[in-house]
Structure formats: structure tokens, C-alpha cells
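# Structural description and commentary
Okay, here's what each chain looks like letter by letter:
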Amino acid sequence: MLLLLGMAYLRYYKLRHENLQLTDSDFTFGIDISHYQGTIDWEEMKETHHPIKFVIVRSTMGIDGQDKTFETNFKQAKKSGYLTGAYHYYRPNEDATKQFENFNAIVNLDSGDILPVLDIEELGDSSLESLRAGLDTWLKLAEVEFGSKPIIYTGRTFYTNYLKGHLNEYPLWIASYSGKHMLNNIDWVMHQFTDEVRIKGINHKVDGNDFNGTLDELKASHTINKTPSPPITIN
């Protein structure tokens, strides 16, 4: 019993004592969150010493999945003054158009919000050609709707094995926890470099991300401006 109490206290202690060394860099730091972080105390989070500049929130999954914390997290992130965005978790075995419709029905991005993000992490049962075609459909629909090219989030190995040389026109947010030297041959705009960040107000560890530039550059190059793009043909 004492051992269990000791382990519980150690976990509490670690979560309440922020690991600031993880975010001590020259990059622009931000986090991504979902229902896996539980209920966030946004007032306590204001006391964090991590240099959080942006927060990207999971909104939807597949054709009908919705993150139960999205509405609250998105609203509170904006209210707290963070540059805010939303991401959709792509399910390869489900219709790409319906997946975008799910995202678009839930997410209302305004001028100044981070560009929409498409999260792809699994192959599914279809061919690579079908996977890439589905991703292309979702991305083009988002570009038409929001007026700028969306961001692709994926793991470094997944990108290297399945996406490299395809969908090259879209900004890349790469997950890779082995150091930035592993990204030397990848033209990345965001790097998810850890899933171990401890932040006041959040009772679970959080993904940490670097934007490859300043906050002003992030605002200038990867946010919504509500200027419609020319019509795009979707094959």
C-alpha cells in the first residue's frame, strides 16, 4: 500500500514540477492536446513557465468521430491568448470527403487561427495510391474552404516510407523524438520532439512542438487569412 501511495505521489510531483529543460530552445514552442489530457485547468495553466505560444487541438476523427474536449479546449486556448489551431485524425479506410465534412462541420477557423492540420499515422487496408489520393482529396477540400494549404502531421518514419515525394506542396509537421538531426533531409515547419512535457494545469503529459521560425513568422505564413483560393479541380 505504501509503495502504491509513493508511486502515486511521485507521478503527482513530476506532473506538478515542470521539466523546463525540454523547452529551452530558440524555436517557437507550442503543444497539441486532445481528450487524452483530461480536463485542463486553464487558469492554473497560465502559471506555466513553459514558453507556450500556440496550441493545436484535436477536433475530429474519421467520418463521424468527435473529440469530446474539443469545443472547450479550443475556446479556452483562444481565450488564454494562444495562437490556436485544430487537427483531424485521418482514418484511411473511411471516405476522405466525408472525413473533411466531419471536420468542417465541427471546426470554425477564423482569420489568425493556425491552418487546419491533417493527422495521418496509419496505412489502413487500401493501397498506397488510394491512401495518397484520399489525403489529396481532404487537403484540397480544406484548401478551398480555408483559403490556404493545410498542414500535414505525420511521423518521420511514416513520412519517409509512404509520403516522401508525394503531396510535396503542403507544409510538414513531423513527429520525431530522436533529435533534430534526424530531420536534416526533411523540409519541416513544425517538429513534435517529445510527448513528455509536464505543464501546470494538465494532469497528463503533453506533446511538445517547435515551429521552425519566430512567432511572427508563424502568424505570417501558417495562419488563416480568409482569402479564397482559386477553384481547385479534384480528380
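Relevant structure appears above.
Summarised in this report is the structure supplied together with it. Residue positions within a chain follow its written sequence, with the count starting from 1. It should be noted that, the model being predicted, local features are given only for residues of pLDDT at least 70 and side-chain atom pairs only at 80 or more, the latter also being counted only at that level, while totals for whole chains, interfaces and linings use all residues. Hydrogen atoms and water are omitted, and side-chain values are computed over all heavy atoms in the structure.

## Re the overall build of the protein chain
Just so we agree on the cut-off: Starting at the N terminus, helices and strands are each numbered in turn, a helix being any DSSP run of H or I of at least four residues and a strand any DSSP run of E of at least two. A 1.4 Å probe rolled over the protein chains alone gives each residue an accessible area, and that area as a share of the maximum for its type sets the label: buried under 20%, exposed over 50%, partly exposed in between. Note on definitions: a residue-residue contact is assigned when non-hydrogen atoms from the two residues lie within 4.5 Å. Every accessible area reported is derived by Shrake-Rupley at a probe size of 1.4 Å, with residue values counting cover from the shown protein chains alone.
When helices and strands are tallied, the protein chain shows seven helices and nine strands. Looking at the protein chain as a whole, 49% of its 235 residues qualify as buried. Intrachain contacts of the protein chain at a sequence separation of at least 6 include 68% that bridge at least 24 residues. Looking at the protein chain as shown, the accessible area adds up to about 11,900 Å², and 49% of this sits on carbon and sulfur atoms.

## Some details on the side chain of Asn-209
Here Asn-209 shows up in strand β9 (residues 206–211). Residues in contact with Asn-209, not counting those within four places in the same chain, are Thr-28, Phe-29, Gly-30, Ile-31, Asp-32, Phe-54, Trp-173, His-191, Gln-192 and Phe-193.

## What to know about the packing of aromatic side chains
What counts is decided by this rule: Centres within 6.5 Å are what make two rings of Phe, Tyr or Trp a pair, Trp counting through its six-membered ring; a difference in plane orientation under 30 degrees is then read as stacked, over 60 as edge-to-face, and the rest as tilted. In this analysis the charged atom, NZ for Lys or CZ for Arg, is taken to sit over a ring once it is within 6 Å of the ring centre and within 35 degrees of the ring normal.
All told, the structure shown has nine aromatic pairs when counted by the stated rule. Between Tyr-153 and Trp-173 the ring centres are 4.8 Å apart and the planes differ by 75°, which places this aromatic pair in the edge-to-face class. A residue pair is termed long-range when its members are at least 10 positions apart, and Tyr-153 in strand β6 (residues 151–155) and Trp-173 in strand β7 (residues 172–175) qualify at 20 residues. Using a relative accessible area of 10% as the deciding quantity, one classes Tyr-153 as buried. Geometrically, the ring pair formed by Phe-158 and Tyr-162 is edge-to-face, given 4.9 Å between the ring centres and 65° between the ring planes. Placement of the pair is Phe-158 and Tyr-162 together in helix α6 (residues 156–163), with a separation of four residues, close to one helical turn. Every member of this aromatic cluster is reached through a ring pair, and the members are Phe-100, Phe-103, Trp-138 and Phe-146. Sitting over the face of the ring of Tyr-170, Lys-149 holds its NZ or CZ atom 5.3 Å from the ring centroid.

## A short note on the pairing of strand β2 (residues 52–61)
Under the convention used in this document: Between any two strands, at least two bridges found by DSSP are needed for them to pair.
In terms of burial, β2 is largely enclosed, as nine of its 10 residues are buried. Examined bridge by bridge, strand β1 (residues 28–33) and β2 share five bridges and lie parallel to one another. Considered in β2, the bridge of Ile-33 is made with Val-57. Where β2 meets strand β3 (residues 65–66), two bridges bridge the pair, whose relative direction is antiparallel. Across the sheet, residue Thr-60 finds its bridge partner in β3, namely Gln-66. In this structure, the hairpin formed by β2 and β3 is closed by a connection of three residues, where Gly-62 is found at a positive phi of approximately 60°.

Interpretation in functional terms is not warranted from these geometric data alone.
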